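This is what each chain is made of:
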Amino acid sequence: MKQIAPKKIVIWTLLFIGAVIMMTPIIFMFSASFKFNDEIYELALISSEPTLSNYIYLFGNTEFLMWFTNSIFVALLTTLCVLFFDSLVGYTLCKFRFRGRKIIFIAILSTLMIPTEMLVIPWYILARDLGLLDSYIGLIFPGIMTGFGVFLMKQFFESVPDDYLDAARIDGISEFEIFTKIAIPMVTPALSALAIFTFLGNWTAFLWPLIVTSSAELYTIPVGLSSFSGEFQSEWEMIMTGAAVASLPTLLIFLILQRYIIRGVILGGLKE
Amino acid sequence: MSKVSLSNISKSFGQGKKSVEVIKNLDLEIADKELLVLVGPSGCGKSTLLRMVAGLEDISGGDISIGDRVVNNLEPRERNIAFVFQNYALYPHMSVEKNISFGLRAAKMDKALIKEKVAAAAEILELEELMDRKPAELSGGQRQRVAMGRAMVREPDVFLFDEPLSNLDAKLRASMRLEIKRLHERLKTTIIYVTHDQMEAMTLADRIVILKDGEIQQIGSPMELYQNPANQFVAGFIGSPEMNFLAGEDGKTMGIRPEDIYLAGSAPELSEAKRMNATLQVSEPLGAETLLTFDFEGQGLTVKVPGVATVEAGAEVELVIDGGKVCFFGMDGERC
């Protein structure tokens, strides 16, 4: 029999422990979604009486589908805005020389150091003064551009040689077309990563949607699910069922985009 | 008509005290259909000059004309030029066919006409089999040909080549050099070609411009430059192996090419011959010829002799210099 190197055993053990720590809450979430309320605090993964009633109730008797649609709409639109604006600003800061370029970049970077909890008050005042409270635009506007995305895209554009852009200038396309047709296709790994981060961040966002929305028809999933949790008792089986359904789109997005990220890593290792 | 005129061109990078002038009041005329090679050591400003003609770099002063148009303020696309980059700059996400046709599609040319032009270029450059491949799936030589195809289909007034062969190995470089020369004969278009390789310059050029520190050192046909260099820099730059320079007592430097020195036994009859003794240090047989490096009064001296030399290292040998071919340079490096 082939001997397994001790180093590999250590690595696999560590990976296994990591996987257990990561997977247990997820497995518990799916497991709890098939349990009745009185079983919810039992640790058994498989219920003695598995039931689909939570799912039937979630889709039949709550506004879950509306929250789901709202979440999809808000997360997708925010992600699209972030991809467009962050890559455009990152590209401009990277590839054009103009006065004040460094100061603008530092100013954008410095926004990374301010926590969301501090920003919600100015956001709220802004939304109130502009009449954006309790609206889709109100939900979306704080996230349409992020300092992190600008930084990430700028760093990736650094790896795109200027010769490609010069070749396109000689080929006679406009600066905006150079950005969309030449530069953007060369940074798809970064865009994929940014898309995943942004989508996940907005999909799970709780604080700002909770503050800015007051009508139930604008609730996103996290805000909607919180309504299952009352002052005296929480319907954990419903929260877990909602969370289980809510995790599916994120898994799907990751499965679709991960190959671009992996391909990006492989391509980045070779000199063109 | 697609002659190119550079008149009193200058270029500085940076501002104020930190400003560096890389091109200094340069005048140059490139005739219609001429293949002009700009050559010089790295940092001499040759690529900057080419990029200024292309419109990729602003000019700090002077005028650039292509044909009868002053193009100073025109965008690259309005200058009707084609540029072949050192790293080819083929769009990695597009097929060969898309790469070649990109400029034509951008110009909204008729689709049938684009197809026709791309097919013609592919045939000339033998790219027909590769049209669906991506640049990453091509060899260096193939990428080079695609880059030339992309330039060709535009039917430009002027081709600009920026060290296009420097990423290829020596063998491929020689064959691509030939291909560029053939292409020039066939297309009869003005070409400005930048290289740091004097061999490439010698074999390709109708005329060579030698640049150093942003200034023209000499302009002329390859043989003019070889036989009649204006200064010590040109003399040393053109020719391989390099010209020998021997310091004289009067401050002058004597220059003599390795093939104009003979071993005493095999020297032809020369109208003006100088004799000297030197000690052989190294012998490098190259097959058809042999390079001999001598020590002459503490100075190195390279001699190129045909065939195989039978001299032993360490032996003192009498050498004959063809006095008619000797050049003298003053303290300032200029010919005297």
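Owing to the predicted nature of the structure, the values given are computational and were not obtained by experimental measurement.

Bringing the interface of chain B and chain A into the picture now. Contact residues are listed per partner, giving 17 residues for chain B and 14 residues for chain A. When residues of the side of chain B that touches chain A are traced back to their parent elements, those giving at least two are β6 (81-84) and α2 (96-106) of chain B.

As assigned here, chain B comprises domain 1 (4-233) and domain 2 (242-329). Taking only C-alpha atoms into account, the centre of domain 1 of chain B sits 38 Å from that of domain 2 of chain B.

All names here are of chain B. Cis geometry is found at the peptide bond from Ser 240 to Pro 241, where omega equals -5°. Relative to the helices and strands, Pro 241 resides in the loop between α8 (232-237) and β11 (244-247). Of note, Tyr 88 is a non-glycine position whose phi angle comes to about 70°, a positive value. The topology assignment puts Tyr 88 in the loop between β6 and α2. Of note in this structure, Glu 297 is not a glycine but carries a positive phi near 50°. The residue Glu 297 is located in the loop between β15 (289-296) and β16 (299-306) in this model.

A few words now on helix α1 (residues 6-32) of chain A. Between its terminal C-alpha atoms α1 of chain A stretches 38 Å, which fits the 39 Å expected from 27 residues at 1.5 Å a residue. Counting buried residues in α1 of chain A gives one out of 27 residues, a small share hidden from the surface.

Attention now moves to the confidence of the model for chain B. Confidence in the prediction for chain B averages 92 pLDDT; 100% of positions are at 70 or higher. Overall fold confidence (pTM) sits at 0.82, and the ipTM for the predicted complex is 0.85.

Once that is clear, we can look at the environment of Leu 200 of chain A. Within the element layout of this structure, Leu 200 of chain A appears in helix α10 (residues 188-203). Residue classification places Leu 200 of chain A among the partly exposed positions, given that 16 C-beta atoms sit within 10 Å.

The subject of this paragraph is helix α5 (residues 170-187) of chain B. Taking 1.5 Å per residue, 18 residues should reach 26 Å; α5 of chain B reaches 26 Å between its end C-alpha atoms and fits that length. Where α5 of chain B terminates, the next one or two residues include Lys 188 of chain B, which has phi positive at roughly 50°.

Glancing now at the sheet that holds strand β18 (residues 327-329) of chain B. All names here are of chain B. Spatially, β11-β12-β18 is the arrangement adopted by the three strands of the open sheet, whose pairing is antiparallel. Pairing within the sheet leaves two strands with one partner each, and these edge strands are β11 and β18. The mean inter-strand angle of the sheet, taken between neighbouring strand axes irrespective of direction, is 30°. As paired strands, β11 and strand β12 (residues 253-256) are joined by four bridges and run antiparallel to one another. Each bridged residue has a counterpart across the sheet, and for Phe 245 the counterpart in β12 is Gly 255.

On to the sheet that holds strand β14 (residues 273-285) of chain B, then. All names here are of chain B. Strand order in the open sheet made by the five strands is β13-β17-β14-β15-β16, with antiparallel pairing throughout. Taken across any chain shown, the strands that pair with only one partner, and hence form the sheet edges, are β13 (261-263) and β16. On average, each strand axis in the sheet is tilted by 45° relative to the strand beside it, whichever way the strands run. By the bridge criterion, six bridges tie β14 to β15 in an arrangement that is antiparallel. Considered in β15, the bridge of Val 282 is made with Thr 293.

What counts as what
Residues numbered from 1 in each chain as written. Chains lettered and ligands numbered in written order. Predicted model: local features only at pLDDT ≥ 70, side-chain atom pairs only at ≥ 80, totals over all residues. Contact = placed C-beta atoms within 7 Å. Helix = DSSP H or I, 4+ residues; strand = E, 2+ residues; numbered from the N terminus. Domains from an automatic or database assignment. Expected span 1.5 Å × (residues − 1). Buried ≥ 20, exposed ≤ 12 C-beta atoms within 10 Å, placed from the backbone. pLDDT = per-residue confidence, 0-100. Pairing = 2+ DSSP bridges. Axes fitted to C-alpha atoms, helices over the stretch in contact; angles between N-to-C directions.

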